[in-house]
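# Structural description and commentary
Listed below, chain by chain, are the residues.
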Amino acid sequence: MAIPPQSPGPYPPPAAPPPYAGYPPPYAPYPPPPPRKDNTLPILVIVLVVVFVVIPAIIAIWFFMFMAPLIPNFGSRPTVTFSAVSQPQGNATFTIATISQSTIAGLFEVNLRVDGALGDSPETLDESGASISAGGTTYRVYWEDLGNPAYVSAGDGFRVTGDGVSLDAGAYELYLLWVFDGAVVATASWIV
């Protein structure tokens, strides 16, 4: 039995779409995006500057504004006198006989004059020994912290030696210097 054709219904059949006349055709790919700029190096430089320059500067400013005034006599130069120098085993030893106030060791430097030749540069006071070159010879200056840790105080000892050897014959002067202005705080003199 044959199927009768269906009636088109109330609407006409859809018409075919008109041909595409625009450019580019709808299936053309988009151009690739421009390459991304690599910002790794500038960001790394900024982070390093902040970490190693800005933050330490802020901490230092904060310390000197708020903490330094709490440290007794911070920044005021103490008066120091040394005991007489003794020379056991060819080296010089002496102690701090008096000091007006115990002071942080990092605020002192030492230098040495041997037979009129001053050391090349002052060295920070250190228990492990400051190395000073005077007149072409290297000497070691040791500080022995006996009392208040990390503070120079009465009774602390000093020992001056050659670099692994005894001192040569000559006239010696050790200068204890104030780090802020390089002023001589105390002097010890001896002749070998």
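Residues numbered from 1 in each chain as written. Predicted model: local features only at pLDDT ≥ 70, side-chain atom pairs only at ≥ 80, totals over all residues. Heavy atoms only, no water.

## Concerning the sheet that holds strand β10 (residues 157-162)
Strand order in this open sheet of 5 strands is β1-β2-β10-β8-β7, and the pairing throughout is antiparallel. Only two strands of the sheet have a single partner each, and these edge strands are β1 (80-82) and β7 (130-134). Taken pair by pair, the neighbouring strands of this sheet meet at an average axis angle of 30°, ignoring direction. Direction of pairing for strand β8 (residues 137-144) relative to β10: antiparallel, over a ladder of 6 bridges. Residue Val 141 lies in a different strand from β10, and its bridge partner there is Val 160. (Pairing = 2+ DSSP bridges. Helix = DSSP H or I, 4+ residues; strand = E, 2+ residues; numbered from the N terminus. Axes fitted to C-alpha atoms, helices over the stretch in contact; angles between N-to-C directions.)

## Examining the side chain of Thr 103
Of note, Thr 103 is situated in strand β3 (residues 103-104). The buried category is assigned to Thr 103, whose relative accessible area is 5%. Dropping the residues within four chain positions of it, Thr 103 is found in contact with Pro 78, Phe 108, Ala 150, Tyr 151, Val 152 and Trp 178. (Buried < 20%, exposed > 50% of the residue type's maximum accessible area, 1.4 Å probe, protein only. Contact = heavy atoms within 4.5 Å.)

## Quick notes on the pairing of strand β4 (residues 108-114)
For β4, the buried fraction is high: 6 of the 7 residues fall into the buried class. In this structure, β4 lies alongside strand β6 (residues 123-124), joined through 2 bridges in antiparallel fashion. Residue pairing in the sheet places Val 110 in a bridge with Glu 123 of β6. Judged from the 2 bridges that link them, β4 and strand β5 (residues 117-118) form a sheet pairing that is antiparallel. Each residue of the ladder has a partner; that of Arg 113, found in β5, is Leu 118. What sits between β4 and β5 in their antiparallel hairpin is a turn of 2 residues, with Asp 115 showing a positive phi close to 50°.

## Considerations on the side chain of Asn 91
Inspection of the secondary structure puts Asn 91 in the loop between β1 and β2 (92-99). Judged by its relative accessible area of 13%, Asn 91 falls in the buried class. Contact partners of Asn 91, with chain neighbours within four places excluded, come to Ser 86, Val 160, Thr 161, Gly 162, Val 165, Ser 166 and Leu 167.

## Focus: the nonpolar core
Membership of the largest hydrophobic core comes to 31 residues, with the highest contact counts inside it found for Phe 82, Phe 158, Val 160, Leu 176 and Trp 190. Broken down by secondary-structure element, the contributors of at least two residues to this core are β1, β2, β4, β7, β8, β10, β11 (171-178) and β12 (184-191). (Core = buried A, V, L, I, M, F, W, Y, C linked by side-chain atoms within 4.5 Å.)

## Focus: unusual backbone geometry
With a phi close to 55°, Gln 89 is a non-glycine residue in the positive phi region. Within the element layout of this structure, Gln 89 appears in the loop between β1 and β2. One non-glycine residue, Asp 115, adopts positive backbone phi at about 50°. Of note, Asp 115 is situated in the loop between β4 and β5.

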